[in-house]
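A look at the structure
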Amino acid sequence: MRWDGQAIDASGADMLPGLESNSGFVRSVTTPEFAGVTFHEVLAKSALNRVGAIDGGTWGMTINPYRGCSHACVYCFARPTHTYLEFDGGSDFDQQIVVKTNVADVLRRELAKPSWDRHPVALGTNTDPYQRAEGKYRLMPGIIAALAESGTPFSILTKGTLLRRDIPALVAASKVVPVDLAMSIAVYDDELQQSVEPGTPTTTARLATVRAVRDAGLSCSVFLMPVLPYITDTTAHLDDAIGRAAAAGATSVMYSALHLKPGVKPWYMDWLARTHPDLVARYRAMYLDNTYPPKDYRRWLGERVRPIMRAHGVGLGRVDPATGSMGFSEGSGPGTDPASGPGSDRAAGISPLKRADRTWDARHDVRTAALRPAARAGITNGVPTLF
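Residues numbered from 1 in each chain as written. Predicted model: local features only at pLDDT ≥ 70, side-chain atom pairs only at ≥ 80, totals over all residues. Heavy atoms only, no water.

**Structural notes on the overall build of the chain**
What counts, and what does not: Working definition: helices are DSSP H or I runs of at least four residues, strands are E runs of at least two. Numbering for both runs from the N terminus. Summary of the burial criterion: residues with accessible area below 20% of their type's maximum are buried, those above 50% are exposed, and those between are partly exposed, where the area comes from a 1.4 Å probe applied to protein chains only. Residue contacts are counted whenever heavy atoms from the two residues lie within 4.5 Å of one another.
Looking only at helices and strands, the chain has twelve helices and twelve strands in total. Burial status across the chain gives 54% buried among its 387 residues. Of the contacts formed within the chain by residues at least 6 apart in sequence, a portion of 75% connects residues at least 24 apart.

Below, the structure written as structure tokens:
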């Protein structure tokens, strides 16, 4: 059945709220190929988002070709962003996907502006650019080309094996700009993986993608995130996870315990009550009034993970504090943590992503002076926008 024949009438129940008269809206589409999912095609007004101003210092640039994500991970921290579209953060986040069909063209215009300073850009830090819809819409090839041609360093974090399609383009881009790739693989038990993130490719397929990236000569980190307390934090699961990541050639591994924002917590707790009712009381004790698990738990998790990483000879990667992406690490060795310590980028309040821009130091003072008044006034682009 042709994709173009599946447009929904503008007054239909699945119409994107508030967009009937908005010139940016193109159409809403359903297709048997994506049962239960509606795609809302829009024309973006901007592609680049400035996010994460921290104390007037660290900030980052991101691109989100899609809003919502068919990976349907019950723990996804981006779920609350869908409420800005008058959708809920549960099934709507999984099934009502906004597609910025012109994002690559808009990005080219933004990168061509004289004011663009080739600040490193992160993709995949909110919703996944390689979710299933990318197989149809093919937005990433244009984005990759635009970034490379403009001399802009970039990183991609994904759970999508569609990344393999673009390996040749990424190899070509890496010859002219720094490119960092990471695969998010949190769960290494097949049954659990299909329960907690039912729309994602299998763990085996994602590990094969890591190997394909490494075989192509590119770096590829593995995000062991989130570690689910009392579920995936056993020594056996962590050893299996880190061992398989190392065997796939992972450049480094990054881990962190589950955190539950207020807009995510109800959806995760509903899943927990259905699948692990015996753990509900423990989770309530840990997360009832908190987004993050207690410091004692996080410390305990670190003490459990680090020896396993050393045993498998894989280094601890670093995460950019502004965007949540990996940060163009250079040669992380086994047992090292380049993200902290005296003289590090984090200690200096400088995003690791910024360090990929070799002209950053020369322009730092000028740009900081221009940006800090806005940061002090609370002017950021951190709130999600549709266009």
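**Let's talk about the pairing of strand β10 (residues 221-227)**
Put simply, the rule reads: Strand pairing is assigned whenever DSSP identifies at least 2 bridges connecting the two strands. Here is how to tell: hold the view so the strands point away, follow the path from the first strand over the helix to the second, and if it runs clockwise the crossover is right-handed.
By the criterion of burial, β10 is predominantly enclosed, with seven of the seven residues buried. Direction of pairing for strand β9 (residues 179-184) relative to β10: parallel, over a ladder of three bridges. Each bridged residue has a counterpart across the sheet, and for Met183 the counterpart in β10 is Val222. The β-α-β motif built from β10, the intervening helix α8 (residues 235-247) and the parallel element strand β11 (residues 252-257) has right-handed crossover chirality.

**Re the nonpolar core**
One broad rule of soluble globular proteins: the nonpolar side chains tend to lie buried together. Counted only if it meets this: Throughout this description, the term nonpolar core refers to a set of buried Ala, Val, Leu, Ile, Met, Phe, Trp, Tyr and Cys residues connected via side-chain atoms within 4.5 Å.
Counting residues in each nonpolar core, the largest one holds 92 residues, and the members touching the most others are Phe154, Tyr268 and Tyr283. At six residues, the largest contribution of residues to this core is made by helix α4 (residues 140-149).

**Some words on unusual backbone geometry**
Pro226 follows Met225 through a cis peptide bond whose omega is 0°. Examined against the element boundaries, Pro226 turns out to sit in strand β10. Located in the positive-phi region is Ala72, a residue other than glycine, with phi close to 60°. Positionally, Ala72 belongs in the loop between β5 (66-67) and α1 (91-95). Accessibility expressed as a relative area gives 13% for Ala72, which makes it buried. Phi is positive for Arg118, which is not a glycine, with a value near 60°.

**A look at the environment of Trp267**
In this structure, Trp267 sits in helix α9 (residues 265-275). Given the relative accessible area of 34%, Trp267 is considered partly exposed. With 194 residues separating them along the chain, Trp267 and Cys73 place their C-alpha atoms 10.0 Å apart.

**A closer look at the packing of aromatic side chains**
Selection criterion: For Phe, Tyr and Trp, rings pair up if their centres lie within 6.5 Å, where Trp contributes its six-membered ring, and each pair is then called stacked (planes under 30 degrees apart), edge-to-face (over 60) or tilted (otherwise). The criterion for a charge sitting over a ring is simple: Lys NZ or Arg CZ within 6 Å of the ring centre, and within 35 degrees of the ring normal.
Under the defined criterion, the tally for this structure stands at six aromatic pairs. Between Tyr283 and Tyr287, the ring centres sit 5.7 Å apart and the planes meet at 25°, which makes this aromatic pair stacked. Of this pair, Tyr283 and Tyr287 are both found in helix α10 (residues 280-287), four residues apart, which corresponds to roughly one turn of the helix. The same class applies to Tyr283 as to Tyr287, namely buried. Counting every residue linked through ring pairs, the aromatic cluster contains Tyr268, Trp271, Tyr283 and Tyr287. Above the face of the Tyr230 ring, Arg282 is positioned so that its terminal group lies 4.6 Å from the ring centre.

**A short note on the pairing of β9**
For β9, a buried count of six out of six residues is recorded, marking the element as mostly surrounded by other parts of the structure. Burial along β9 is two-sided: the residues Val179, Leu181 and Met183 and Asp180, Ala182 and Ser184 are all buried. Looking at chain direction, strand β8 (residues 154-158) and β9 are connected through five bridges and run parallel. Counterpart to Leu157 in the pairing with β9 is Ala182. As for the winding sense of the linkage, the β-α-β connection from β8 through helix α5 (residues 167-174) to β9 is right-handed.

**Things to note about helix α2 (residues 103-111)**
We apply this condition: The arc under discussion is defined with respect to the helix axis, by the directions toward the C-beta atoms.
Taken residue by residue, α2 has Val103, Ala104, Val106, Leu107, Glu110 and Leu111 as its buried positions. Within α2, the buried residues cover an arc of 160° as seen down the axis, which keeps them to one side.

**Comments concerning the pattern of salt bridges**
Our working definition: The salt bridge criterion pairs a side-chain nitrogen of Lys or Arg with a carboxyl oxygen of Asp or Glu, the two atoms within 4 Å.
Scanning the model with the defined rule gives ten salt bridges in all. Arg108 serves as the salt-bridge partner of Glu149, at 2.7 Å between the closest nitrogen and oxygen. With Glu149 in helix α4 and Arg108 in helix α2, this pair connects stretches of sequence that are 41 residues apart. A salt bridge links Arg165 to Glu134, with the nearest nitrogen and oxygen atoms 2.7 Å apart. Placement of Arg165 in the loop between β8 and α5 and of Glu134 in helix α3 (residues 134-137) is noted, with a sequence separation of 31 residues between them.

**Observations concerning the sheet that holds strand β6 (residues 96-100)**
Here four strands make up an open sheet; going across it, the order is β1-β2-β6-β5 and the pairing mixed. One side of each edge strand has no neighbouring strand; the edge strands of this open sheet are β1 (25-30) and β5.

**Section: the packing of helix α7 (residues 203-215) against α8**
Rule in force here: Comment: axis = line fitted to C-alpha atoms, over the contacting stretch for helices; angle = value between 0 and 180 degrees taken between N-to-C directions. Residues are grouped as follows: Ala, Val, Leu, Ile, Met, Phe, Trp, Tyr, Cys and Pro are nonpolar; Asp, Glu, Lys and Arg are charged; every other residue, Gly included, is polar.
Orientation of α7 relative to α8, taken along the N-to-C sense of each, is 35°, at an axis distance of 9 Å. Listed contacts from α8 to Thr203, Thr204, Leu207 and Arg211 of α7 are Arg244, Ala245 and Ala247. For the contact of α7 with α8, the class distribution of residues is three nonpolar, two polar and two charged.

**Thoughts on the state of the cysteines**
For the record, the criterion: Note on terminology: disulfide denotes any pair of cysteine sulfur atoms within 2.5 Å.
Enumeration over the complete set of coordinates arrives at zero disulfides. As a non-bridged cysteine, Cys76 has Cys73 as the owner of its nearest cysteine sulfur, 6.2 Å distant. On the basis of relative accessible area, Cys76 is assigned to the buried category, the value being 15%.

**Re α8**
Keep this limit in mind: Here, expected helix span is obtained from the residue count minus one, scaled by 1.5 Å.
Spanning 13 residues, α8 covers 18 Å between terminal C-alpha atoms, matching the ideal 18 Å at 1.5 Å per step. The set of residues buried in α8 consists of His237, Leu238, Ala241, Ile242, Gly243 and Ala245. In this structure, the buried residues of α8 make contact with α7, β10, β11 and α11 (295-312).

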